[in-house]
Amino acid sequence: YNKGSLRSVYHIRHVDVQRLKALGSTESINHQKPDASTNVNRTIDIMVSHDWPRGIAHHGDTSQLLQRKPFFREEVESNTLGNPASEMLLHELR
């Protein structure tokens, strides 16, 4: 990997996001329109990820974060720190 591609190595794949989104929905086992006999409710109680969701800096002590990690400042200010897919999953699977 080079410096430019290294960052993308840490991001989760789109297919993984879709699988996790599916766990938060009620749908039939065979992915067709649900009916009473095949309805399955799949929920997530705990999710662990190495990926920070986008906007994470605004859910804690932002000034302390920037004191420790000043190189995050530009990303915090432009709301590009963190993964947008992880942010979406947090909101959808809540």
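Everything below is about the structure printed above this text.
Position labels on residues start from 1 in each chain and follow its written sequence. With pLDDT at 70 or above as the cut-off, local features in this predicted model cover only qualifying residues; side-chain atom pairs require 80 or more to be listed or tallied, and sums for whole chains, interfaces and linings still use all residues. Where side-chain values are given, they derive from all heavy atoms of the structure, hydrogens and water being excluded.

Re the nonpolar core
The tendency in soluble globular proteins is for nonpolar side chains to be buried side by side. Residues Ala57, Leu65, Leu66, Phe72, Val76 and Leu81 constitute the largest nonpolar core, which totals six residues. In contact with Leu66, other than residues within four places in its own chain, are Phe72, Arg73 and Val76. Throughout, nonpolar core names a set of buried Ala, Val, Leu, Ile, Met, Phe, Trp, Tyr and Cys residues whose side chains join them through atoms within 4.5 Å. Whether a residue is buried, partly exposed or exposed follows from its accessible area with a 1.4 Å probe, protein chains only, as a fraction of its type maximum: under 20%, in between, or over 50%, in that order. The contact criterion used throughout is that any non-hydrogen atoms of two residues lie within 4.5 Å.

Let's talk about the pattern of salt bridges
Criterion for a salt bridge: a side-chain nitrogen of Lys or Arg within 4 Å of a carboxyl oxygen of Asp or Glu. Evaluation of the coordinates by the stated rule reveals four salt bridges. The partner of Glu87 in a salt bridge is Arg54, with the nearest N and O atoms 2.6 Å apart. In this pair, Glu87 sits in helix α5 (residues 84-93) while Arg54 sits in the loop between β2 (39-41) and α3 (62-68), placing the two residues 33 residues apart along the sequence. Owing to a relative accessible area of 29%, Arg54 belongs among the partly exposed residues under this scheme. Between Glu77 and Arg73 there is a salt bridge, with its nearest N and O atoms 3.7 Å apart. Taken together, the residues Glu77 and Arg73, both in helix α4 (residues 73-77) and four residues apart, mark about one turn of the helix. With a relative accessible area of 41%, Arg73 lands in the partly exposed category. Comment: elements are numbered from the N terminus, with helices defined as DSSP H or I runs of at least four residues and strands as E runs of at least two.

A closer look at unusual backbone geometry
Unusually for a residue other than glycine, Asn79 sits at a positive phi of about 55 degrees. Residue placement: Asn79 occurs in the loop between α4 and α5.

Comments concerning the packing of aromatic side chains
Within 6.5 Å between ring centres, the rings of Phe, Tyr and Trp (the latter by its six-membered ring) count as paired, and their orientation is classed by plane angle as stacked under 30 degrees, edge-to-face over 60, tilted in between. The tally for this structure, following the rule as stated, stands at two aromatic pairs. On the basis of an interplanar angle of 75 degrees and a centroid distance of 5.7 Å, the ring pair of Trp52 and Phe72 is categorised as edge-to-face. Pair noted here: Trp52 is in the loop between β2 and α3 and Phe72 is in the loop between α3 and α4, with a separation of 20 residues, a long-range link. A relative accessible area of 14% places Phe72 in the buried class. Their ring planes at 75 degrees and their centres at 5.0 Å tell us that Phe71 and Phe72 sit as a pair that is edge-to-face. Taken together through their ring pairs, the aromatic side chains of Trp52, Phe71 and Phe72 make up a single cluster.

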